[in-house]
Amino acid sequence: MITLGLNYSQMHDSSACLVRDGQLLFAVAEERISRVKHDARFPALAIQACLNFSKLLSDQVDEVCVGWQAPGAGYRHDLKLFATGQWPVTYLNVLNSTRNFASMWHQRGGENPFTRQLGPTKARFRFVDHHLAHALSAYSYSGFDDSAIVVMDGRGAWEATSIWHGNNGRVEHVQTINWPNSLGLFYAQFTGFLGFTPNADEWKVMGLAPYGQPGVDLSAFIDPHAAPYKVHTDRLVSNGAEYSGWPVSLGKPREPESEISDLHKNIAFAVQNMCEEAIMSVVKLAIEKTRSKNLCLAGGVALNSKANGKIVASGIIGKIFVQPAASDDGVALGAALTPFLDGGQRLPLKPMRHVYLGPTFDDDAIETALKMYKIRTSRLSDPAATAAEYLSRGKILGWYQGRMEFGPRALGSRSIIADPRDPEMNAKVNNAVKFREWWRPFAPSFKKEAAPEYLESAYDSPFMILTARVRPEKRAVIPSVTHVDGSARPQTVEKEINPLFYRLIDEFGKRTGVPVIMNTSFNLRGEAIVHTPTDAIRTFFSSGMDALVLGSFLVEK
Ligand SMILES: [Fe+2]
């Protein structure tokens, strides 16, 4: 059986994946191919990439599974909120809600654009409850037989937070907290208040938080212990005058790109702290209700690696799996498995060990691109060793190899890499390459075996989605990947999963005694991670990177 999983909501992060007989073969977000960051349009390019990879025609697909309810479910919930006064009846609120529904209804949830853009198909279209799709994307790919599952995001059709119990390949619903009582909404509104883009720049608030001090009181917005939590939505949902009624003590909303004050840092600290408390409260409830020791997480809020690290450090759970594509791009992965729930069947329970699920370009394709731009290159016999040598000499490298990662993180296929021992490297990469905010930390990639030597709670962390504490004596050894609070967001790299990237780190370790490299995504600020060799070349020459290793080719400036 061949199923396509989709995320398509017109909101953000459209994506597609292909599953054959329960095995995930390919996944890509539309933004990588279209080059429109967080692209919300119908994921025709992503679907075509799935079909191309598998050499299939649209007519050979058995099921198309969308990780959202059929059009109308969200609208009905919105109307209920309008009628009960839980969401202000303003021109903009009503217009946006109605327009989204009308457009999706007109497109039959994606069926119409599918046949129009990809050709006729015999496939059945299936619409999957959004949080169920998130829950499956965590549980089925965790490999755990028994697990509590927690989904937290901005919103689904009606859902904001949900608890599920996965057991023996089946998933049982335990509890749902409806929108707008939403941790994602709480965090997103403050992301906007602090001058960043809501539902996209939450990372920036998380990165800024450790620079702040306790003292900002957010009890008017959230009670993080109200079994499990309560977001006081009256001030958070828009009534046409954004941030009206917010405490004067918070000051005015920050203008984008303006100075960051101590108050902004302290607000970020409080937002992160409240969010962590509320997440812990939900996790405790989920453990209690399911009587399971394992935990699976998904939904955009689960990208909060600091909160995830806190859950691990608390010791209240046994094993944890956070779906690396925790945001809405990942619902494609869960939706594609729903046919396995029909008639009391069981889900496949296969641990997801990597996210190298996207398109790849071989040396011939890379060489064609390099020749087209008349770029002088040299061919490397050992790209890992050459890259390690360059890193040890302080060079900043683009590293473009193999299949592209699915999810928000670059994990050794489309990465910018550098020497983590240089305390200035953070600033160098920020200013010369990423052009991003000074306070955002960079992450380290470790040889898996070396991680315990550097990290206090070295949980297996292949996806950079759990924060850990760097051992105090090691903070000065890898200063550019240690955050101001002594934490890091590690990737642990296994030899059998990504031998080339592992060897690069190993070779760097042999030269320097430190088997750790700085690893950030291969893109410029505000752009999607590079997809084709041409994207990589263009980004390389638009930045301060010193050299680029593309497949077996080296490009230098
Ligand atoms: Fe979601």
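Everything that follows concerns the structure shown earlier in this document.
Definitions and limits used
Residues numbered from 1 in each chain as written. Predicted model: local features only at pLDDT ≥ 70, side-chain atom pairs only at ≥ 80, totals over all residues. Heavy atoms only, no water. Pairing = 2+ DSSP bridges. Helix = DSSP H or I, 4+ residues; strand = E, 2+ residues; numbered from the N terminus. Contact = heavy atoms within 4.5 Å. Axes fitted to C-alpha atoms, helices over the stretch in contact; angles between N-to-C directions. Buried < 20%, exposed > 50% of the residue type's maximum accessible area, 1.4 Å probe, protein only. Donors = N, O, S within 2.8 Å, 3.2 Å for Na, K, Ca; no water. Salt bridge = Lys/Arg side-chain N within 4 Å of Asp/Glu carboxyl O.

Q: Is there a simple way to think about the sheet that holds strand β15 (residues 414-418) in this case?
A: Through backbone hydrogen bonds, the strands of a sheet pair up, either in parallel or in antiparallel fashion. The eight strands lie next to each other as β13-β22-β21-β14-β15-β20-β16-β19, forming an open sheet whose pairing is mixed. Where the open sheet ends on each side, the last strands, each with one partner, are β13 (378-379) and β19 (491-493). Pairing of β13 with strand β22 (residues 553-556), which is carried by two bridges, proceeds in the antiparallel orientation. Bridge pairing in β22 places Ser-378 opposite Leu-554. Across the sheet, helix α13 (residues 383-392) lies against β14 (397-400), β15, β20 (516-521), β21 (547-550) and β22, angled at about 160° from β14, the strand it touches most. Those strands touched by helix α16 (residues 499-512) are β14, β15, β16 (443-447), β19 and β20, and its axis lies near 135° from that of β20.

Q: Looking at this structure, how should I read the sheet that holds strand β12 (residues 320-322)?
A: Read across the sheet, five strands follow the order β8-β7-β6-β11-β12 without closing on themselves; strand pairing throughout is mixed. With one partner strand each, in any of the chains shown, β8 (170-178) and β12 form the two edges of the open sheet. Taking each pair of neighbouring strands and ignoring which way they run, the sheet shows an average axis angle of 15°. This element, helix α9 (residues 262-290), spans β6 (146-152), β7 (159-167), β8 and β11 (295-298) of the sheet and lies at about 35° to β7.

Q: When you look at the pairing of β11 in this model, what are you seeing that I'm missing?
A: Regular strands have side chains that alternate between both faces of the sheet. Residues Leu-295 and Leu-297 of β11 are buried on one face, and the alternating residues Cys-296 and Ala-298, pointing to the opposite face, are buried as well. Pairing analysis gives four bridges linking β6 to β11, with the strands arranged parallel. Its bridge partner being in β11, Val-151 is matched across the sheet by Ala-298. Note that β11 and β12 share three bridges and pair parallel. Bridge assignment links Leu-295 to a residue of β12, and that residue is Ile-320.

Q: Where do I start with the coordination of the iron ion in this structure?
A: Under ideal tetrahedral coordination, the four donors around a metal are separated by 109.5 degrees; under ideal octahedral coordination, the six donors are separated by 90 or 180 degrees. The protein atoms that coordinate the iron ion are His-130 (NE2), His-134 (NE2), Asp-153 (OD) and Asp-328 (OD), at distances spanning 2.1 to 2.3 Å. Donor residues for the iron ion, ordered by position in the chain, follow H-x3-H-x18-D-x174-D. Within this pair, whereas His-130 is found in helix α6 (residues 130-139), its partner Asp-153 is found in the loop between β6 and β7, the two being separated by 23 residues in sequence. As far as the burial class goes, His-130 and Asp-153 line up, both buried.

Q: Would you take a moment to explain the pattern of salt bridges for this structure?
A: When charged atoms on two side chains of opposite charge get close, those side chains can pair. One pass over the full model with this rule turns up 34 salt bridges. The partner of Arg-32 in a salt bridge is Glu-31, and the shortest N-O contact between them spans 3.2 Å. For Arg-32, a relative accessible area of 4% gives the class buried. For Glu-31, a relative accessible area of 9% gives the class buried. Between Lys-265 and Asp-262 there is a salt bridge, with the nearest N and O atoms lying 3.6 Å from each other. Taken together, the residues Lys-265 and Asp-262, both in helix α9 and three residues apart, mark about one turn of the helix. Overall, Lys-265 belongs to the buried group, its relative accessible area being 15%. Residues participating in the shared-partner salt-bridge network are Asp-382, Glu-389, Arg-393, Lys-447, Arg-503, Asp-506, Glu-507, Lys-510 and Arg-511.

Q: I keep staring at the environment of Val-301 and nothing clicks. Help me out?
A: You can see Val-301 is positioned in the loop between β11 and α10 (305-314). The class of Val-301 is buried, set by a relative accessible area of 11%. Each C-alpha atom of the pair Val-301 and Gly-394 lies 36 Å from the other, and the pair is 93 residues apart in sequence. Apart from residues lying up to four places away in sequence, Val-301 is in contact with Met-152, Asp-153, Leu-183, Gly-184, Cys-275 and Ile-279.

Q: Explanation requested: unusual backbone geometry in the structure shown.
A: Glycine aside, negative phi is the norm for most residues, and most peptide bonds take the trans geometry. With an omega of 15°, the peptide bond running from Trp-179 to Pro-180 counts as cis. Along the chain, the position of Pro-180 falls in the loop between β8 and α7 (183-193). Looking along the chain, the bond that leaves Ala-227 and enters Pro-228 is cis, with omega of 0°. With respect to the helices, strands and loops of the structure, Pro-228 is situated in the loop between β9 (222-223) and β10 (230-231). Phi is positive for Glu-257, which is not a glycine, with a value near 70°. Looking at the secondary structure, you find Glu-257 in the loop between β10 and α9.

Q: What should I look at first to understand the side chain of Thr-233 in this one?
A: The topology assignment puts Thr-233 in the loop between β10 and α9. Judged by relative accessible area, Thr-233 falls into the buried class, the value being 14%. Setting aside chain neighbours within four positions, we find Thr-233 in contact with Pro-180, Asn-181 and Leu-185.

Q: Which parts of the structure should I look at to understand helix α3 (residues 73-83)?
A: Residues spaced three or four apart along an α-helix point in a common direction, a consequence of the helix completing one turn every 3.6 residues. For α3, every residue scored as buried is listed here: Ala-73, Gly-74, Tyr-75, His-77, Asp-78, Leu-81 and Phe-82. In this fold, the buried residues of α3 make contact with α4 (91-106) and β8. In the segment just after α3, Gly-85 is the residue with positive phi, at about 75°.

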